[in-house]
Amino acid sequence: MTFVFPKDFTWGTATASYQVEGAIHEGGRAASIWDTYCAVPGNILDGSSGEYACDQYHRYPEDIKLMQELGVESYRLSVAWPRIVAQYDGPVNQAGVDYYKRVLEALREAGIKPAVTLYHWDLPQYLEDRGGWANRETALRFADYVAVLAHEFGDLVDTWITLNEPWCVAYLGYGNGAHAPGLHDHAKALAAVHHLNLAHGLAVKAIRAELGEQAKVAVTLNLAANIAETDAPEDLAAKRRADLIANEVFLGPMLDGAYDPEIFEATKHVTDWSFVKDGDAEIAHQPIDVLGFNYYSTNHVRGCAAAATFEGDRHANAMPAQECVETLPPAGELTAMGWNQEPEALTAMLLELSERWPDLPVMITENGSAWEDEVSEDSAAPGGVIVHDPKRVAYLNAHVKAVAAAIEAGANVTGYYAWSLLDNFEWALGYTKRFGIIRVDYDTQARIWKDSAFRFRDIVRANAI
């Protein structure tokens, strides 16, 4: 049975600046926390960095042509903050502004709407030197930077996305050190949570002040799909605790204007939350036009006397107050990331979000999978080579069907962005994992089509699955 998506449904693909741009020493760009983190031996699995990545800084015209061939209507890209404000208290770096203007204009000329993420993890190192997201000043500086972009880019941008995955920024960056800046401090992680909420609200206000109410504003959250292993009270309590610290710390302030008091109670042994000032939750609670949701896999949890995690869980010990939560090893066929596949949970979460906030459209801003790809010769393929990736195709089909099922059941879902357009720098895993629907040969920077790209093109063209 074929499901036809709504006529105004948006199909897109996504990347992030540090993962694809390269050119870290060009255009007046300052160092980011990821440049610093990558320089520490042992932090990145293969010892690499984003120094060259996919060289999209220079090759964006080629990549825009790929998007046109895919037929996508939108491209989700991020701006590198260190390209815009290259020094503390410094002037705007016009070369950085001009670069992104060229990219945005090229996208518009190609008929592709830019969805611009304003922060996708590459914090200027000079701000981390002053405390980073654990310091309130970073939220204020973020608002200043966003005001510059709103003024300079104006209506070149279709959708403004304030933050990408603040969970990762706070908990992996400051909680367990798996991401830059590599700290292990749960008190700082919770301070970062709050300052990211504040930064989001201040950014929305800055965009509205410059562009008015017609500006389309969003935020992207990687909401955890926590599933209680049984209906036993201790398992339901474990899910509740995991949900509170992973999801409600962002949903509450951003969408309801308040933190759930249970969060403060659960974490009182970690911090007194004195970094929360009067009026902060109200600032964080700004009207947005769409909620971005990044979805990949699920976490099955159960109650336990002491927290236990399975070997290889890179998210282990990231969040505080998980003493009663045991995350079980993922089951079924796992992707190359070691993640499970449970598309029915995507349907359930989309329905839950639409039930809680019925007037707020939800957009899948990332969804995809990493696999071990191999290049094959194929005279009919562009460039004479292709990647046959049946497992990525199956994952794509299953998850687009899950979105269709949610819409059919009444969820307010308005778009889907495949992660990722290109294989790219996968953070602490370097270049060892490939999420792209287009392969990148990092030696030559050649772009190679995968079967999943052809399949996504077919879905986009048909607006149906």
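Residues numbered from 1 in each chain as written. Predicted model: local features only at pLDDT ≥ 70, side-chain atom pairs only at ≥ 80, totals over all residues. Heavy atoms only, no water.

## Some words on the side chain of Asn197
Logical step 1: One can find Asn197 in helix H9 (residues 186-211).
Logical step 2: Separated by 3.0 Å, the side chains of Asn197 and Tyr259 make a polar contact.
Logical step 3: Contacts of Asn197, omitting those with residues within four sequence positions, involve Val249, Phe250, Pro253, Met254, Tyr259 and Ala284. (Helix = DSSP H or I, 4+ residues; strand = E, 2+ residues; numbered from the N terminus. Polar contact = N/O pair within 3.5 Å; in protein donor to acceptor, adjacent residues only side chain to side chain. Contact = heavy atoms within 4.5 Å.)

## What to know about the sheet that holds strand E9 (residues 325-327)
Logical step 1: Spatially, E6-E8-E9 is the arrangement adopted by the three strands of the open sheet, whose pairing is mixed. Every other strand in the sheet has two partners, leaving strand E6 (226-228) and E9 as the edge strands with one partner each. This sheet shows a mean twist of 40 degrees between the axes of neighbouring strands, independent of strand direction.
Logical step 2: In this sheet, E9 lies alongside strand E8 (residues 299-303) in antiparallel orientation, the contact comprising three bridges. When the bridges of E9 are listed, Val301 appears paired with Thr327.
Logical step 3: Sheet contacts for helix H10 (residues 233-256): E6, E8 and E9; angle to E8, the most-contacted strand, approximately 125 degrees. (Pairing = 2+ DSSP bridges. Axes fitted to C-alpha atoms, helices over the stretch in contact; angles between N-to-C directions.)

## Remarks on unusual backbone geometry
Excluding glycine, most residues fall at negative phi; most peptide bonds, likewise, are trans.
Logical step 1: Across the junction of Ala180 and Pro181, the peptide omega takes the value 10 degrees, indicating a cis bond.
Logical step 2: Looking at the element boundaries, Pro181 is found in the loop between helix H8 (166-175) and H9.
Logical step 3: For the bond running from Trp419 to Ser420, omega is 5 degrees, close enough to zero to count as cis.
Logical step 4: When you line up the elements, Ser420 lands in the loop between strand E13 (413-419) and strand E14 (438-441).
Logical step 5: Phi angles above zero are rare outside glycine, and Asp55 is one such case at about 55 degrees.
Logical step 6: Mapped onto the fold, Asp55 is located in the loop between helix H2 (33-38) and helix H3 (56-70).
Logical step 7: Take Asp55: its relative accessible area is 17%, and that puts it in the buried class. (Buried < 20%, exposed > 50% of the residue type's maximum accessible area, 1.4 Å probe, protein only.)

## So, the packing of aromatic side chains
Logical step 1: Summed over all chains, the structure comprises 39 aromatic pairs.
Logical step 2: With a centroid separation of 6.5 Å and an interplanar angle of 80 degrees, the aromatic rings of Trp34 and Phe425 are classed as edge-to-face. Residue Trp34 is located in helix H2, and its partner Phe425 is located in the loop between E13 and E14; the two are separated by 391 residues in the primary sequence. For the pair shown, Trp34 and Phe425 are each scored as buried.
Logical step 3: With 4.7 Å between their ring centres and 50 degrees between their planes, Trp34 and Trp427 make a pair best called tilted. Remark: Trp427 occurs in the loop between E13 and E14 and Trp34 occurs in helix H2; sequence separation between them is 393 residues.
Logical step 4: Residue classification places Trp34 among the buried residues on the basis of a relative accessible area of 1%.
Logical step 5: By relative accessible area, which is 3% here, Trp427 ends up buried.
Logical step 6: Among the aromatic residues, those joined into a ring-pair cluster are Tyr18, Trp34, Tyr37, Trp121, Phe425, Trp427, Tyr431 and Tyr442.
Logical step 7: Against the face of Tyr88 rests Arg130, its NZ or CZ located 3.5 Å from the ring centre. (Phe/Tyr/Trp six-rings, centres within 6.5 Å; stacked < 30°, edge-to-face > 60°. Lys NZ or Arg CZ within 6 Å of the ring centre and 35° of its normal.)

## Examining the environment of Tyr296
Logical step 1: Summarising the element assignment, Tyr296 is placed in the loop between strand E7 (290-294) and E8.
Logical step 2: Distance from Tyr296 to Glu342, taken between C-alpha atoms, is 8.5 Å for residues 46 residues apart in sequence.
Logical step 3: Residues in contact with Tyr296, not counting those within four places in the same chain, are Glu165, Trp339, Asn340, Glu366, Asn367, Gly368, Tyr395, His399, Trp419 and Phe435.
Logical step 4: Of the polar contacts made by the side chain of Tyr296, one reaches the side chain of Glu366; its length is 2.4 Å.

## Topic: the UniProt feature "active site" (unreviewed entry) in the protein
Logical step 1: Mapped onto this numbering, the UniProt entry gives "active site" (unreviewed entry) at Glu165 and Glu366. These annotated residues cover 202 residues of sequence, and their C-alpha atoms all fall within 10.4 Å of one another, placing them together at a single site.
Logical step 2: Of note, Glu165 is situated in the loop between strand E4 (159-164) and H8.
Logical step 3: Judged by relative accessible area, which is 7%, Glu165 ranks as buried.
Logical step 4: In contact with Glu165, other than residues within four places in its own chain, are Trp121, Thr220, Asn222, Asn294, Tyr296 and Glu366. (UniProt positions renumbered as here; feature names shortened; annotations may be inferred.)

## What about the UniProt feature "binding site: substrate" (unreviewed entry) in the protein?
Logical step 1: Those residues carrying the UniProt feature "binding site: substrate" (unreviewed entry) are Gln19, His120, Asn164, Tyr296, Trp419, Glu426 and Trp427 in this numbering.
Logical step 2: As for its placement among the helices and strands, Gln19 is situated in helix H1 (residues 17-20).
Logical step 3: Ignoring anything within four residues of it in the chain, the contact list for Gln19 reads Ala53, Cys54, His120, Trp419, Asn424, Phe425, Glu426 and Trp427.
Logical step 4: The exposure class assigned to Asn164 is buried, which follows from its relative accessible area of 1%.
Logical step 5: In terms of polar contacts, Asn164 uses its side chain to reach the side chain of Arg76, at 2.7 Å.

## Considering the sheet that holds strand E5 (residues 217-221)
Logical step 1: In spatial order, the strands read E1-E2-E3-E4-E5-E7-E10-E13; together these eight strands close into a barrel with parallel pairing. Across the sheet, the mean angle separating the axes of adjacent strands is 25 degrees when strand polarity is ignored.
Logical step 2: Bridge count between strand E10 (residues 362-366) and E13: three bridges; the pairing is parallel. Paired with Met363 across the bridge in E13 is Gly415.
Logical step 3: Strand contacts of helix H14 (residues 390-408): strand E1 (10-14), E10 and E13, with the helix running at about 170 degrees to E13, the strand carrying the most contacts.

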